[in-house]
Amino acid sequence: MQIMRHELLLIVITVILLIVEIFLPNTGKHKIILPAILLMAAVTIIGFIPATPGILFGGMYQSTPFTVLLKNILNLGVLIVFIQSVDWLKQDQNREKVSEYFLLILSTLIGMNFMISSGDFLMFYLGLELATIPIAALAAYERFKEKSAEAGVKLIFTSALSSGILLYGLSMVYGTTGTLYFSDIAPLINGAPLQVLAFIFFFAGMAFKISLVPFHLWTADVYEGAPVNVASYLSVISKGAAVFIFTIILYTVFYKIAELWSEVLYIIIILTITIGNLFAMRQQNLKRFLAFSSIAQAGFILLGIIGQSQLGMTTVVYFVLVYIFSNLGAFGVVSIISNRTGKETMDDYDGLYRTNPNLSLVMMLSLFSLAGIPPLAGFFGKFFLFTAAAEKGYYILVLIALINTIISLYYYLLVIKAMLLNNSDRPIGYFKSDLYTRIGLIMCVIGIVVVGFTSSVYEMIFNLGFGLY
Amino acid sequence: MSFLTLFIIIPALTVIGILLCKKHMQVKWTAVVGMGLQLILAIGLIFLFLAERRSGNMDEILFIQDNVWYQTLNIHFFIGVDGVSVAMIGLTALVVFAGIFASWDIADLPREFFTSLILLASGVFGFFISLDLFTMFLFYELAVIPMYLLIGIWGSGPRHYSAMKLTLMLMGGSALILLGILGLYFNSAPDGGPLTFDLIQISKIQIPVDAQLFFFPLLFVGFGVLGALFPFHTWSPDGHASAPTAVSMLHAGVLMKLGGYGCYRVAVFLLPEAAHQLGWIFLILATIGVIYGALGAVWQKDLKYINAYSSVSHCALVLFAILIFNETAMNGAIMQMISHGIMTALFFALIGMIYGRTHTRYINEMGGLMKVMPFLAVAYVIAGLASLGLPGFSGFVAEMTIFVGAFQKIGTFYRVATIIAASSIVVTAVYILRVVGILLLGKITNPEYETITDAKWYDKISVVALIFGITLIGLAPLWLSDMITGGLGPIMQKLLAVAPILN
């Protein structure tokens, strides 16, 4: 019981919400919002109570203080996503399917938790599928909008394709080693050609989920078509969970061919950061803009993985945490503005500071954090990522990444320029955002400011992850 | 806990105070109180420092505070000062204080303006007191970013373009610095042991020469971008011309000094071997910068552009002096930073005030201003004379020291470079006296100017404070130069160890 606490708690609240949903009348479905958020908050808080580490199902499931930490980070992110989506869920067209939103997201979260705790590839694959398929339904949530339906279809097709590729890779792993357990596979990895092929397939499958170049083509379209809150969920939680398990598997299963995968990563990092950035520069729609920016950010995260050290591992987790706060802050602002005014392009944001100073400030802080400007958390995250990569001697790679931070600063400044510098004849009028949105954004801002200043978060991750690498 | 921390705490509290203010006047007075305290603190620091030295405390760094911040990476919050940083802190406090009064007229979003300005100042203060490369870098970037908003929102002319160009170029420089810092970090423990960002500790060890040769150009160019190293100076004229008055003052007066100080404190100090081997390349660039900036100023018609190019020339002279690698010239470099900081701040303040009255910055459209605004005009003449190095003002002391030091250096290459750089003094006289002649003397060309008024009280505070600084250094330079020389000991030791016959 104790060992699987995170998953069990999530299953329990999912069931509770499902039962509550049955008894709510069709016109009153939105009443589920508050209990759902409170339950999620409770789960998040309980998650921080130290759990007993252990192994279940003969090694298929393992729980360590480190996996607990990862799950807590995801829980926290989902809580913020829930809080931020209230304003959108209360809109008339969404009223009768509010509960589905929570149920689907919770089931993907359960999938992610199993995935992170998996001790063999079967559990990993089950978790991955559970974490992916419901999101396609969510992307098509606003089914009356053509783009939303398109996003759902695109997501399900690409997910199916990537899962297929991944599974093919896993079957080759099984073929060469005769087992699916991580701990049994690891010593048998010897860099045989078939294993290399298996790794490449596995890598391609994961690259789809993390949306690395050249497997990123679905990202912008899906983010643009999906509702803003689903896009933000996709860009931080889904991506974060995939990065976590990707790191764990690279470090625990494929560590013997680290030389191979660091070469692959080297190229993928350069491609991802550069192409993500170059495309982000030209975007007018802020959802697409954030989509490409999140592709570039994923490239930066890989810098920590290529470091192949305790430092790199810690920094990856730390950066994902920072990235959750920063990206959710930006998406939160885009979401509330899109809900209230329907405006999503950069030109619409002209002069926003004069009418809605607080929203602009949150947006500015989030973007500065994404760009890595001190004293915000993003600065520390980026600095440590560069340190991790430089430790291995990848100075040229770090230089390329650094040049890319300048490019990224340029396009983040474009949004800030629109909000603060430009004046507009028809700016977005003043509106008062609801309590939930404000709480969500304040949580993000606190995260952005505090996580960097207090070194304790970083030290905690470092100590928990000790010995994993 | 050292009282140096107050240099960061006071600006932080001032920013919070300003954000809580509702009224325009409250905002300004909060800023004045905060930065006034900072100025008092800086003066107090100078006296305390001199007293410590006089009482025989010859430690390399005084008023140390060392707290562990990120244990894993051995990042410390490590602060302390030597003679050079005390001088820079004094300069910063003076210019920021004057800058607050020079921007008394800001009407649009004053709260945001003063918040950004003081954030910038806190970055600069933090940079000068840091002795840990990580925090140094953090404060460096913190000082650069508010410039974007300050120029973009309150600037004039092609402000969006200038702001973006300036920010991206400076951040490009900081990217190089970051790589250099990482290089230093991973070479900071050649015998095993924990890696460190501690500047003093790194200065005590011998970094492998091939690593030095790789990272020295990165660090020198990185800081050099901010120090207006030719050909990376192009952000400077555009940025200064578009910036509002106080921002030009702070930027030319203080922020550009971060570049020179970084070259001195990080690049040359920690990588002396590479500095010795590669210094000549940058010496050529700096010499070109000196003469190019001066000639550029001659051709300009816009007051701010004239002064921006003159800043390029004077800041290049700082880098030139650092690269001479002898004690006299190094001393002159620091003196020049202080002197030019105050002088150029005075210039930009006056230009802002003149522009506020005449609504043009083109010298050909103005004339005879001495008659209608004698106070500002006289102040302008003083600034001009200080700039061209008239004895009695700070510019003379600084340039004299630099060129005396440079002529001590033996070798045709250095002699030629010195002669070229020294000839910029003549060019400086040309553009300064030309402006003074056209702008201030003669008849009033535009009848509208008959009615304009002279400086207001807040203008006067700003101007008088800065003129006081110039003349104080000009008439009594010895205390400052002694203080600086005391701080130069460690770097000279390292340089002499590399090449004993540097003189």
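Calculation criteria
- Residues numbered from 1 in each chain as written.
- Chains lettered and ligands numbered in written order.
- Predicted model: local features only at pLDDT ≥ 70, side-chain atom pairs only at ≥ 80, totals over all residues.
- Helix = DSSP H or I, 4+ residues; strand = E, 2+ residues; numbered from the N terminus.
- Rg over C-alpha atoms; globule rule 2.2 N^0.38 Å.
- Buried ≥ 20, exposed ≤ 12 C-beta atoms within 10 Å, placed from the backbone.
- Contact = placed C-beta atoms within 7 Å.
- Core = buried A, V, L, I, M, F, W, Y, C linked by C-beta atoms within 7 Å.
- Nonpolar A, V, L, I, M, F, W, Y, C, P; charged D, E, K, R; others polar.
- Expected span 1.5 Å × (residues − 1).
- Axes fitted to C-alpha atoms, helices over the stretch in contact; angles between N-to-C directions.
- Parallel < 35°, antiparallel > 145°, perpendicular 65-115°, else oblique.
- Left-handed = near helix turned anticlockwise from the far one by under 90°.
- Pairing = 2+ DSSP bridges.

(A) Focus on the overall build of chain A. Check the secondary structure of chain A and you find 19 helices and two strands. The globule rule puts the C-alpha radius of gyration for 469 residues at 23 Å, and the 21 Å found for chain A is close to it. Along the first, second and third principal axes, the C-alpha atoms of chain A reach 65 × 55 × 40 Å. Within chain A, the proportion of its 469 residues that are buried is 59%. Looking at chain A alone, contacts between residues at least 24 apart form 80% of all its contacts between residues at least 6 apart.

(B) Here's a closer look at the overall build of chain B. Along its length, chain B carries 19 helices and two strands. In summary, chain B has a C-alpha radius of gyration of 22 Å against a globular reference of 23 Å for 503 residues, a match within 12%. Dimensions along the principal axes, computed over C-alpha positions, put chain B at roughly 75 × 60 × 45 Å. Across chain B, every contact between residues at least 6 apart in sequence was considered, and the portion connecting residues at least 24 apart equals 80%.

(C) The arrangement of the nonpolar core in detail. Counting 380 residues, the largest nonpolar core has A:Ala139, A:Leu303, B:Ala316, B:Leu346, B:Ala349 and B:Leu350 as the members making the most contacts within it. Apart from the residues lying within four places of it in its own chain, the contact partners of B:Leu346 are B:Ala383, B:Val463, B:Leu466, B:Ile467 and B:Ile470.

(D) Up close: the interface of chain B and chain A. Across the boundary between the two partners, chain B contributes 24 residues, which contact 25 residues of chain A. The element that contributes the greatest number of residues to the side of chain B that touches chain A is helix α6 (residues 159-186) of chain B, accounting for eleven residues. Residues of the side of chain B that touches chain A, tallied by class, amount to 17 nonpolar, six polar and one charged.

(E) Helix α12 (residues 286-306) of chain A, seen in detail. In this model α12(A) runs 30 Å from its N-terminal to its C-terminal C-alpha over 21 residues, within 8% of the 30 Å that 1.5 Å per residue would give. Following α12(A) by one or two positions, A:Gln308 has its phi on the positive side, about 50 degrees.

(F) Quick peek at unusual backbone geometry. Between A:Val213 and A:Pro214 the backbone carries a cis peptide bond, its omega angle lying at 5 degrees. Considering the arrangement of structural elements, one finds A:Pro214 in the loop between α8 (193-210) and α9 (217-225). For the bond running from A:Pro374 to A:Pro375, omega is 0 degrees, close enough to zero to count as cis. By the element assignment, A:Pro375 lies in the loop between α15 (357-371) and α16 (377-391). In this structure, B:Leu109 is a non-glycine residue whose phi angle is positive, near 45 degrees. With respect to the element layout, B:Leu109 can be found in the loop between α3 (83-102) and α4 (110-129). By C-beta crowding, B:Leu109 is classed as partly exposed, having 17 other C-beta atoms within 10 Å.

(G) Structural context of the packing of α15(A) against helix α18 (residues 435-453) of chain A. Residues and elements named next belong to chain A. Relative orientation of the contacting elements α15 and α18 amounts to 40 degrees, with a least axis distance of 10 Å. Put simply, α15 runs oblique to α18. Every pair of crossing elements has a handedness; the one defined by α15 and α18 is left-handed. Along its contact with α15, which presents Val362, Leu365, Ser366 and Ser369, the element α18 presents Leu441, Cys444, Val445 and Ile448. Considering only residue class, the contact of α15 with α18 consists of six nonpolar, two polar and no charged.

(H) A look at the environment of A:Gly119. Residue and element names in this part refer to chain A. Turning to its location among the elements, Gly119 is positioned in the loop between α4 (98-117) and α5 (121-139). Separated by 258 residues in sequence, Gly119 and Ala377 have C-alpha atoms that sit 32 Å apart. Not counting residues up to four positions away in its chain, the partners in contact with Gly119 are Ile55, Gly59, Met60, Tyr61, Gln62, Tyr181 and Phe182.

(I) Layout of the pairing of strand β2 (residues 75-81) of chain B. Residues and elements named next belong to chain B. Counting buried positions along β2 gives six out of seven residues, so the element sits mostly inside the fold. The pairing of strand β1 (residues 62-70) with β2 spans six bridges and is antiparallel. For Asn67, the partnering residue across the bridge sits in β2 and is Phe77. Between β1 and β2, which pair antiparallel in sequence order, lie four residues; one of them, Asn74, sits at a positive phi of approximately 60 degrees.

(J) The arrangement of the packing of α12(A) against α16(A) in detail. Residue and element names in this part refer to chain A. One can describe the packing of α12 onto α16 by two numbers: an axis separation of 7 Å at closest approach and a directional angle of 40 degrees. Comparing their axes, α16 and α12 come out oblique. Where α12 crosses over α16, the two elements pack in a sense that is left-handed. Here Phe300, Leu303, Gly304 and Ile306 of α12 lie close against α16, whose contacting residues are Lys382, Leu385, Phe386, Ala388 and Ala389.

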